[in-house]
Amino acid sequence: MPIQAIEAQRLYQQIAQQLRQLITSGEFPPGSRLPAERELAALLGVSRPSVREALIALEVEGWVEVRTGSGVYVLRDSAQHAAVAATEWGPLEVIRARRVVEGEVAALAAQVRQTPHLQGMQAALQSMQADAQAGRAPLEGDRAFHLTLAAACGNAVLADTVTQFWDARKGPLFERLGDYFETPDSWRSAIAEHQGVLQALQAGDADAARAAMHHHMDQSHERFNASWPQPKGKA
C-alpha cells in the first residue's frame, strides 16, 4: 500500500471549527459574549495566539464581532457566512516562521552584502518613514525592505520563501488583524527595528543582523498579540 502524506488542518482552523460547533449547539448563543482569549485558550488547551487567529477568522466569516474594549460577541444573523480559504496561513504563525527564516537570511546577507542591496534597503526605509509621517501605513516600503534583504542573501529559494510570507499579508486574516493592531505608534517602532537590521548589515555583522531581525519579529508578534485596542476616547 502506498504511503500517503497527511495534510494537517491549520490549528486556528481547528479552533474556529470547535467554536462554530459551540455556537451552533447553543453553548454560545447569538448576542452572547465569548469568554476572554485566555479562558478560551485554557478551555480548548491551545495557545492564546492560536485563539486570536481563530477569532479573527470567525469575524471575517461573519460568525462573531470584535467590539474593541468590550469583547467578542456572537452575531445574531447567522444565515450566511463567508469562508476563509483552507490554504490561508495564520498571521501570528507566519510571523514565527518569518523569525526562523528571515533571521538566517539577515545573517547571510550581512556576510555577502553588496552596495546596491544596502542602497535599496535604505531607500525602502526612507519610503516607510515618509509614509508614516504622512499618516499612511508604510506597507510598500516594508515589503521592499524585506524582499531586497532576501535578494541580498544570495539564495533564490530563501528569497522565494520570503516572498511567499509577504504574499500572505494580502489575505483577509492579516488585513483584519492589521486593522486592529497597526497604528502610527506601532509603525514608528517597526521603522526603528528596521534601522537596527540595516545598521548590522552595513557593519557586516552576521550575528547582530540575525539578532536584530529576531528582535523585529518578536516585537511584531507582541504587537499583534497585545490586548485588544480600547475604543477611541478611552485609556
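What you see is a predicted model; the values in this text were computed from it and never measured.

The rules behind the values
Residues numbered from 1 in each chain as written. Predicted model: local features only at pLDDT ≥ 70, side-chain atom pairs only at ≥ 80, totals over all residues. Heavy atoms only, no water. Helix = DSSP H or I, 4+ residues; strand = E, 2+ residues; numbered from the N terminus. Buried < 20%, exposed > 50% of the residue type's maximum accessible area, 1.4 Å probe, protein only. Contact = heavy atoms within 4.5 Å. Areas by Shrake-Rupley, 256 points an atom, 1.4 Å probe, with all protein chains shown as cover. 1 Å grid on protein atoms, 1.4 Å probe; cavity = no way out; pocket = protein on both sides within 12 Å on 5 of 7 lines; lining within 4 Å. Points joined across faces, edges and corners; volume = space filled by probe spheres on them. Nonpolar A, V, L, I, M, F, W, Y, C, P; charged D, E, K, R; others polar. Core = buried A, V, L, I, M, F, W, Y, C linked by side-chain atoms within 4.5 Å. Expected span 1.5 Å × (residues − 1). Salt bridge = Lys/Arg side-chain N within 4 Å of Asp/Glu carboxyl O.

## Description of the overall build of the protein chain
(1) Moving on: Within the protein chain one finds 10 helices and 2 strands.
(2) Moving on: Listing every helix and strand of the protein chain by position from the N terminus yields α-α-α-β-β-α-α-α-α-α-α-α.
(3) Moving on: Taking all 235 residues of the protein chain together, 43% fall into the buried category.
(4) Moving on: Sequence separation of 24 or more characterises 75% of the internal contacts of the protein chain that already satisfy a separation of 6 or more.
(5) Moving on: When the accessible surface of the protein chain is totalled, it reaches about 12300 Å², and 50% of it is carbon and sulfur.

## Here's the deal with the layout of surface pockets
(1) Moving on: As a volume, the largest pocket reaches approximately 400 Å³.
(2) Moving on: Surrounding the largest pocket, 20 residues form its lining, Ala137, Leu139, Arg169, Glu182 and Trp187 being those nearest its centre.
(3) Moving on: Counting only elements with at least two residues in the lining of the largest pocket, the list comes to helix H5 (115-133), helix H6 (139-152), helix H8 (172-181) and helix H9 (184-203).
(4) Moving on: Here the residues of the lining of the largest pocket sort into 8 nonpolar, 4 polar and 8 charged.
(5) Moving on: Of the pockets and cavities examined, the second largest pocket occupies roughly 290 Å³.
(6) Moving on: Lining the second largest pocket are 17 residues, and of these Ala36, Glu37, Ser70, Gly71 and Trp228 lie nearest its centre.
(7) Moving on: Contributions of two or more residues to the lining of the second largest pocket are made by helix H3 (48-61) and strand S2 (71-74).
(8) Moving on: A total of 3 residues in the lining of the second largest pocket trace back to one element, the largest contributor, which is H3.
(9) Moving on: Classifying every residue of the lining of the second largest pocket gives 6 nonpolar, 6 polar and 5 charged.

## Quick look at the nonpolar core
Soluble, globular proteins show a tendency: their nonpolar side chains are buried together.
(1) Moving on: In terms of nonpolar packing, the biggest core is built from 65 residues, with Leu19, Leu149 and Leu201 touching the most fellow members.
(2) Moving on: Discounting chain neighbours no more than four positions away, the residues touching leucine 201 are Ala106, Ala109, Ala110, Arg113, Leu118, Met121, Leu149 and Ala209.

## Let's talk about H3
(1) Moving on: Helix length check: H3 (14 residues) gives 20 Å between terminal C-alpha atoms against 20 Å at 1.5 Å per residue, within 8%.
(2) Moving on: Judged by how many residues are buried, H3 sits mostly within the fold: 12 of 14 residues are covered.
(3) Moving on: Among all positions of H3, only Pro49, Ser50, Val51, Arg52, Glu53, Ala54, Leu55, Ile56, Ala57, Leu58, Glu59 and Glu61 are buried.
(4) Moving on: Glycine 62 sits one or two residues past H3 and shows a positive phi near 90°.

## Some remarks on the pattern of salt bridges
(1) Moving on: One pass over the structure, following the stated rule, counts 16 salt bridges.
(2) Moving on: Between aspartate 167 and arginine 143 there is a salt bridge whose closest N-O contact spans 3.3 Å. One end of the pair, aspartate 167, is in helix H7 (residues 156-167); the other, arginine 143, is in helix H6, with 24 residues separating them in the sequence.
(3) Moving on: The class for aspartate 167 is partly exposed, based on a relative accessible area of 35%.
(4) Moving on: Salt bridges sharing common partners tie together Glu37, Arg48 and Arg52.

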